[in-house]
Amino acid sequence: MTRRLENKAVLAAHADKGLGCELKPFLHCCTMFGPTEIHHVICGHANRIDAPWNLVSVCTKAHRWCEANKTAGLVLCWDRIAERGEMDWQALATFWRQSPRARIEMVADDAGSRWQVIAKAMLKRWFRD
């Protein structure tokens, strides 16, 4: 089933923020304020939604990295979205039909991952029990 929820106004509003590459501080991929693209964090199998909690500005190199590193890319992008105050964890879980917390826990438990520290901090900050 295709679930493509397009909203050109949301895309334009995101682009107008001029965020630069939001992953630059972590990936050291670009000059930060060069040309960027909008990355849809949840996008596979025609499941794509234009919502602030699903959009990240990235350079081309960071975009390729996200697509090649699915789990780490999800967690890093969600961290950036949450930091800018636009994450809606409930909407994400409802649309994605999966638990974002479970995916973050997977990265937090990966002792060899350089993203483990970010994932653990996210669990403490956004998913306190």
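A brief look at the structure comes next. (Residues numbered from 1 in each chain as written. Predicted model: local features only at pLDDT ≥ 70, side-chain atom pairs only at ≥ 80, totals over all residues. Heavy atoms only, no water.)

Here's the deal with the overall build of the chain
Counted only if it meets this: A run of H or I in DSSP counts as a helix once it spans at least four residues, and a run of E counts as a strand once it spans at least two, with each numbered from the N terminus. A radius of gyration in this sense is built from C-alpha atoms; the matching globule rule multiplies 2.2 Å by the number of residues raised to 0.38. Contacts are residue-level and defined by heavy atoms, with any inter-residue pair within 4.5 Å sufficient. Accessibility throughout is a Shrake-Rupley quantity obtained with a 1.4 Å probe, and a residue counts as covered only by protein chains that appear here. Note that His is not counted, nor are the chain ends; the positive residues are Lys and Arg, and the negative ones are Asp and Glu. Note on charges: their place is set at NZ of Lys, CZ of Arg, CG of Asp or CD of Glu.
Across its full length, the chain holds seven helices and four strands. From first element to last, N terminus to C terminus, the chain shows the α and β order β-α-α-β-β-β-α-α-α-α-α. Over its C-alpha atoms the chain spans a radius of gyration of 14 Å, differing by no more than 12% from the 14 Å that the globule rule assigns to 129 residues. With the C-alpha coordinates aligned to their principal axes, the bounding extent of the chain is approximately 35 × 35 × 25 Å. Partitioning the intrachain contacts of the chain with sequence separation of at least 6 by distance along the chain shows that 63% fall at a separation of at least 24. For the chain, the exposed area adds up to about 7100 Å²; of that, 53% sits on carbon and sulfur atoms. Distance between charge centres in the chain, computed from 19 positive and 14 negative side chains, equals 2 Å.

A few points about helix α3 (residues 60-68)
Worth spelling out the cut-off: Per-residue accessibility, obtained with a 1.4 Å probe over protein chains only, is compared with the maximum for each type, and a residue is labelled buried under 20%, exposed over 50%, and partly exposed between these values. For this quantity, the arc is that covered by the directions from the helix axis to the C-beta atoms.
Regarding α3, the residues found buried are Ala62, His63, Trp65 and Cys66. In an axial view of α3, the angular spread of the buried residues amounts to 160°, which keeps them on one side of the axis. For α3, the exposed residues set more than 90 degrees away from the buried face come down to Arg64 and Ala68. Check the buried side of α3 and you find it contacts α2 (24-27), β2 (37-40), β4 (55-58) and α4 (70-83).

Focus: the nonpolar core
What counts, and what does not: Only buried residues count toward a nonpolar core. Its members are Ala, Val, Leu, Ile, Met, Phe, Trp, Tyr and Cys residues joined through side-chain atoms within 4.5 Å.
The biggest cluster of nonpolar side chains holds 38 residues, and the ones touching the most others in it are Leu23, Trp78, Trp89, Ile104 and Trp115. The element best represented in this core is α4, accounting for eight residues. Those residues in contact with Trp115 that lie beyond four places of it in its chain are Phe26, Leu27, Trp65, Ala72, Leu76 and Val107.

Some remarks on the packing of aromatic side chains
Rule in force here: Pairing of aromatic side chains requires ring centres within 6.5 Å, counting the rings of Phe and Tyr and the six-membered ring of Trp. Pairs whose planes differ by under 30 degrees are stacked, by over 60 edge-to-face, and all others tilted.
By the definition in use, this model includes five aromatic pairs. Ring geometry for Trp78 and Trp96: centres 5.4 Å apart, planes at 75°, overall edge-to-face. You can see Trp78 sitting in helix α4 and its partner Trp96 sitting in helix α5 (residues 89-96), a full 18 residues away along the chain. Across this residue pair, the class does not change: Trp78 and Trp96 are buried. Feature note: the residues Trp78, Trp89, Trp96 and Phe127 constitute an aromatic cluster, connected by ring pairs.

Focus: the environment of Cys29
Along the chain, Cys29 turns up in the loop between α2 and β2. Sequence-wise, Cys29 and Ala102 are 73 residues apart; in three dimensions their C-alpha atoms are separated by 28 Å. Every residue in contact with Cys29, bar those within four places of it in the chain, is listed here: Cys21, Leu23, Lys24, Cys59, Lys61 and Ala62.

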